[in-house]
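Chain and residue survey
Below, each chain spelled out in residue letters.
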Amino acid sequence: METIVKYRVEIPFKDKYTKEDITANTLLEISIERMKELNVKKIGRVEDIIVKVDEQETEISENQVTNENTKPKEPVQNEVNKYTQEQLEAMSVNQLKELAEHENIELTKAKKDEIVAEILAKM
């Protein structure tokens, strides 16, 4: 049995093993031990856990994770919404508009904070 954790990076960092610069919003596939190391530094959050049993994969969603080291910061509102308020606020207005267009969200506001609130409400 092999367990792979899909981990969403929220704070950029330099990986101590690969020496690579890992940017925010990167989705890593890591071991449980590495996830615990990153959780101590509060680098990101768990997206999914994949357990491979005899060539089969079983996915455990973020809401099903109960280990205290893997509790999500915020509940997942739906499968499309993979963005936190902090991630949206870090985006430019143009990036927010592109995201809204990609997710078929019609924006009615012009100010950045209003756009963020509108996207969060409609996702």
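Presented here is a report on the structure given in the accompanying data block. Worth saying up front: this structure is predicted, and the values here are computed from it rather than measured.

When its secondary structure is counted, the chain shows four helices and six strands. The order of α-helices and β-strands along the chain, N terminus first, is β-β-β-β-α-β-β-α-α-α. By element, 47% of the accessible surface of the chain is carried by carbon and sulfur atoms, the whole surface being about 8,300 Å².

This part is about the environment of T84. The topology assignment puts T84 in the loop between β6 (56-61) and α2 (85-90). For the pair formed by T84 and L120, sequence separation is 36 residues and the distance between their alpha carbons is 8.2 Å.

This paragraph deals with the pairing of strand β1 (residues 2-9). Remember that side chains alternate between the two faces of the sheet whenever the strand is regular. Along β1, six of the eight residues are buried, which leaves the element largely enclosed by surrounding structure. Examined bridge by bridge, β1 and strand β4 (residues 27-30) share four bridges and lie antiparallel to one another. Paired with Y7 across the two strands is L28, which belongs to β4.

A cluster of acidic residues, E86, E89, D113 and E114, forms a negative patch at the surface. The set of elements that each furnish at least two residues to the negative patch consists of α2 and α4 (112-122). For E86, the location among the structural elements is in helix α2.

For the pair helix α3 (residues 93-102) and α4, interaxial distance at closest approach is 10 Å and the crossing angle is 25°. Regarding the angle of α3 to α4, the classification is roughly parallel. Between α3 and α4 lies a crossing whose hand is left-handed. Residue-level inspection shows V93, L96, K97, L99 and A100 of α3 in contact with α4, the latter providing K112, I115, V116 and I119. Of the residues assigned to the contact of α3 with α4, the class counts are seven nonpolar, no polar and two charged.

What counts, and where the lines are drawn
- Residues numbered from 1 in each chain as written.
- Predicted model: local features only at pLDDT ≥ 70, side-chain atom pairs only at ≥ 80, totals over all residues.
- Heavy atoms only, no water.
- Helix = DSSP H or I, 4+ residues; strand = E, 2+ residues; numbered from the N terminus.
- Areas by Shrake-Rupley, 256 points an atom, 1.4 Å probe, with all protein chains shown as cover.
- Buried < 20%, exposed > 50% of the residue type's maximum accessible area, 1.4 Å probe, protein only.
- Pairing = 2+ DSSP bridges.
- Patch = residues over 30% accessible without salt bridge, like charges linked within 9 Å, V, L, I, M, F, W, Y side chains within 5 Å.
- Salt bridge = Lys/Arg side-chain N within 4 Å of Asp/Glu carboxyl O.
- Lys, Arg positive; Asp, Glu negative; His and termini not counted.
- Charge placed at Lys NZ, Arg CZ, Asp CG, Glu CD.
- Axes fitted to C-alpha atoms, helices over the stretch in contact; angles between N-to-C directions.
- Parallel < 35°, antiparallel > 145°, perpendicular 65-115°, else oblique.
- Left-handed = near helix turned anticlockwise from the far one by under 90°.
- Contact = heavy atoms within 4.5 Å.
- Nonpolar A, V, L, I, M, F, W, Y, C, P; charged D, E, K, R; others polar.

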